Amino acid sequence: GRGRGADSSGTATVVEFSLAGHSMGGYAALRLASELVRSGSPLEVDLPPRGCRARVAPVAAVWAAGPLVSSVPDLAAGGGGARVLVLLGGNDGIARFDTDGQRAELEARLPGGGATRVRTIRGGNHSGFASYERASGEGDGGGMNG
């Protein structure tokens, strides 16, 4: 819902949130999504003003994360409506897959049935997903923060 506080019927306004994170924060977002799936319900928190609630669903957008497959929880078996978008940089010298098998292993741990998308931004680098100087180990940024 939109707006502030309860509506005229007294029903609380619910604001929907998704999870997101860059690099190691992406792994944290996936872990929280896994916990939400395991719990069977979204996280809900009361917000000011009175009558507003935040609802966090197991929906995650992660960027410049993925090659540390051992840090990715198994969301494939969980069901529970998890959806994931993984964005990678084609020139990322830090979060890159060394083999096609690593990427396949990541995708095997994420929800199937169209609930996961893994996309690569041509020319993107690790630092281009954040607001800081080029990270050590980066290649040519191709115009994205480098």
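Analysis parameters
Residues numbered from 1 in each chain as written. Predicted model: local features only at pLDDT ≥ 70, side-chain atom pairs only at ≥ 80, totals over all residues. Heavy atoms only, no water. Helix = DSSP H or I, 4+ residues; strand = E, 2+ residues; numbered from the N terminus. Buried < 20%, exposed > 50% of the residue type's maximum accessible area, 1.4 Å probe, protein only. Areas by Shrake-Rupley, 256 points an atom, 1.4 Å probe, with all protein chains shown as cover. Salt bridge = Lys/Arg side-chain N within 4 Å of Asp/Glu carboxyl O. Core = buried A, V, L, I, M, F, W, Y, C linked by side-chain atoms within 4.5 Å. Contact = heavy atoms within 4.5 Å. pLDDT = per-residue confidence, 0-100.

Novice: So what about the overall build of the protein? Which residues, and what values?
Specialist: Helix and strand counts for the protein come out as two helices and five strands. Traced from its N-terminal end to its C-terminal end, the protein shows the element sequence β-α-β-β-β-α-β. Burial statistics for the protein: of 146 residues in total, 38% are counted as buried. Summed over its atoms, the accessible surface of the protein is roughly 8200 Å², and 50% of this surface lies on carbon and sulfur atoms.

Novice: Which residues make up the pattern of salt bridges, and what values go with them?
Specialist: Inspection of every chain in the model, using the stated rule, returns seven salt bridges. Here Arg 53 and Asp 46 are joined by a salt bridge, their closest N and O atoms 2.3 Å apart. Residue class for Asp 46 comes out exposed when judged on its relative accessible area of 57%. Arg 103 is the salt-bridge partner of Glu 107, the closest N and O atoms lying 3.3 Å from each other. Of the two residues, Glu 107 and Arg 103 are both situated in helix H2 (residues 100-109); the distance of four residues between them amounts to about one turn of the helix. Its relative accessible area of 38% is what places Glu 107 among the partly exposed residues. Overall, Arg 103 belongs to the partly exposed group, its relative accessible area being 25%.

Novice: Which residues make up the nonpolar core, and what are the values?
Specialist: In globular proteins that are soluble, nonpolar side chains generally tend to be buried together. One finds Leu 19, Leu 30, Leu 75, Val 86 and Leu 110 to be the most contacted residues of the largest nonpolar core, which totals 22 residues. For this core, the elements supplying multiple residues, two or more each, are helix H1 (24-39), strand E3 (52-63) and strand E4 (83-89). The element best represented in this core is H1, accounting for six residues. Apart from residues no more than four positions distant in its own chain, Leu 110 is found in contact with Leu 30, Val 72, Leu 75, Ala 76, Val 84, Val 86 and Thr 116.

Novice: Requested: an account of the confidence of the model for the protein, with residues and values cited.
Specialist: The predicted model of the protein averages 83 in pLDDT, with 82% of residues at 70 or higher. Highest mean pLDDT in the protein belongs to E4 (95); lowest belongs to strand E2 (residues 43-47) (89). Confidence drops under a pLDDT of 50 for residues 1-7, and excluding neighbours within four residues, the segment shows 18 contacts in the predicted structure. Contacts for the low-pLDDT stretch residues 140-146, under 50 throughout, to residues beyond four places or in other chains number 20 contacts.

Novice: Can you explain the environment of Ala 76? Please cite residues and give values.
Specialist: Turning to its location among the elements, Ala 76 is positioned in the loop between E3 and E4. When its relative accessible area of 37% is taken as the criterion, Ala 76 is described as partly exposed. Separated by 42 residues in sequence, Ala 76 and Ser 34 have C-alpha atoms that sit 9.7 Å apart. In contact with Ala 76, other than residues within four places in its own chain, are Ala 108, Arg 109, Leu 110 and Pro 111.

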